[in-house]
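# Residue-level structure breakdown
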Amino acid sequence: MTEFVPTKHENRRPQPESIDKRLRRHVTGRIRDYFAVTPPGFERLCRRELVDLGMDPEAMTIAPGGVGFSGRLVDCQRANLHLRTATRILMRIDTFTATNLRQLEKKTAGIAWELFLAPHAMPRVRASSHQSRLYHTAAIAQTIQAGMARRLNGPLQPETPSQTLFVRVVEDRFSLSLDSSGPALYKRGYKTGAARAPIRETLAAAILMTAGYDPARPLVDPMCGAGTFSLEAAMMAKHVAPGANRDFAFMGWPAFAANPWAFLKRQAHRQMVVLDRPRIFASDLDADACGRLRDAVAGSDLADAVRVSQQNFFDCRGDQYGDCPGWVVINPPYGIRLGSARRSADLFRAICAHLTRHFKGWHVALIAPRKELLRHLPFPAQQWPLLHGGLKLTLLIGLLAADHP
């Protein structure tokens with residue numbers, strides 16, 4: 001009998017694929033689904049931003065509270081770096097059906113978490129459940145973490161603060177999404193102190209975009225407070241990426257590579273422009289608020305764009321800011337900041353009267369605290385519903401007639 005001698009090819013046993021190859025195949029090189037979370041009502045603005053970044057519009061879906069899009073990991077990183085209206089970017093990990101906790105743990109353990117989480121990392125789990133047999137969100141979170149521990153098979157940290165897994169359950173259908181952003185994207189890294197009732201940066205950017213802000217013309221922020229409108233306008237005027245001064249959760253992922261990320265940041269930095277004079281004019285009665293904003297601007301790359309001064313709004317006039325009308329944006333005090341609804345209404349009417357008298361020909365973006373204040377508005381304006389700090393407000397976008405009496 002002839003002895004069987006295996007050939008070189010037949011003798012070769014299948015070798016486990018290296019982690020680097022798996023990362024390239026399943027994370028960095030693969031087209032994945034993402035979801036950009038936005039303030040309610042501004043989803044289409046975020047979609048426009050994604051299109052401007054080169055994302056495929058045919059692969060986008062608009063849903064309440066955000067925009068779904070597809071791309072590679074580098075596209076997720078670019079979205080975090082450049083989007084002005086998104087609150088966070090979620091990477092879709094998996095979807096499946098589970099009707100009991102045992103089934104949930106088993107399916108969670110079947111996911112290749114080693115491709116998405118650093119060794120020994122245990123993310124926080126934030127779960128929501130609607131019309132599902134599994135409705136106890138704390139039990140859902142604990143079961144998912146148990147499934148992760150089974151898969152990763154090693155000692156895990158109790159929770160890794162920089163990593164969060166969002167779990168949404170609808171009619172027993174689970175959607176698992178890993179947060180790529182970390183701290184919310186409205187945390188740009190410019191502000192040096194808190195202000196009363198500050199507007200979020202993402203909302204301010206959405207308001208400026210809705211108002212049609214043109215960075216070539218002046219913008220006045222005459223009740224600036226923390227200066228959110230001014231800082232957002234300055235970043236737009238100078239083409240500064242809003243995420244250029246912060247870190248992100250994806251920097252702790254196994255697929256993260258420092259050199260490609262540094263290249264993306266260098267590309268963003270090269271887009272910045274230097275202004276020959278300030279185009280954004282921020283002012284407020286509060287000397288401390290002006291001081292904090294002045295310090296924030298002076299220590300940043302926005303110093304050539306913003307001028308800060310302590311001034312009463314009712315001393316501001318359009319002709320103080322050059323010959324060309326521009327935009328005036330106001331988030332006036334209201335509610336507990338003034339102490340009564342009547343005082344808030346009186347201030348709102350006085351602001352409108354001052355604008356029509358001293359900012360003729362200017363575009364205006366003004367937040368109104370209550371609907372009834374709009375009955376006798378002295379200038380034509382589009383009205384947009386706005387949620388801010390749990391309050392239902394109205395954003396007014398209008399053009400003050402140049403020949404208004």
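Scroll up to find the structure.
Below or above, wherever it landed, is the structure these notes cover. These numbers come from a predicted model, not from an experiment.

What counts, and at which threshold
- Residues numbered from 1 in each chain as written.
- Predicted model: local features only at pLDDT ≥ 70, side-chain atom pairs only at ≥ 80, totals over all residues.
- Heavy atoms only, no water.
- Patch = residues over 30% accessible without salt bridge, like charges linked within 9 Å, V, L, I, M, F, W, Y side chains within 5 Å.
- Areas by Shrake-Rupley, 256 points an atom, 1.4 Å probe, with all protein chains shown as cover.
- Salt bridge = Lys/Arg side-chain N within 4 Å of Asp/Glu carboxyl O.
- Lys, Arg positive; Asp, Glu negative; His and termini not counted.
- Charge placed at Lys NZ, Arg CZ, Asp CG, Glu CD.
- Helix = DSSP H or I, 4+ residues; strand = E, 2+ residues; numbered from the N terminus.
- Axes fitted to C-alpha atoms, helices over the stretch in contact; angles between N-to-C directions.
- Parallel < 35°, antiparallel > 145°, perpendicular 65-115°, else oblique.
- Left-handed = near helix turned anticlockwise from the far one by under 90°.
- Contact = heavy atoms within 4.5 Å.
- Buried < 20%, exposed > 50% of the residue type's maximum accessible area, 1.4 Å probe, protein only.

## Some details on a positive patch on the surface
Among the surface-exposed residues, R102, K106, K107 and R173 lie close enough to one another that they form a single positively charged patch. Ranked by the residues each element gives to the positive patch, the list is headed by helix α5 (residues 101-109), at 3 residues. For K106, the position within the fold is in helix α5.

## What about the packing of α5 against helix α6 (residues 137-152)?
Where α5 meets α6, the axes come as close as 7 Å, and the angle between the chain directions of the two elements is 40 degrees. Between α5 and α6, the angle is such that the two are oblique. Note on packing geometry: the crossing formed by α5 with α6 is right-handed. On α6, the residues touching L101, L104, E105, K106, T108 and A109 of α5 are A139, I140, T143, I144, A146, G147, M148, R150 and R151.

## Re the environment of L90
Mapped onto the elements of the fold, L90 is located in strand β4 (residues 88-97). A C-alpha to C-alpha distance of 8.6 Å links L90 and D33, two positions 57 residues apart in sequence. Filtering out sequence-adjacent residues up to four positions away, L90 remains in contact with D33, Y34, F35, V37, F166, S177, L178 and D179.

## Notes on the pattern of salt bridges
Evaluation of the coordinates by the stated rule reveals 13 salt bridges. The partner of K238 in a salt bridge is D304, with the nearest N and O atoms 3.0 Å apart. Of this pair, K238 sits in helix α8 (residues 228-238) while D304 sits in the loop between α10 (287-298) and β10 (306-310); the two residues are 66 residues apart in sequence, bridging distant segments of the chain. Here D304 falls in the partly exposed class, since its relative accessible area comes to 21%.

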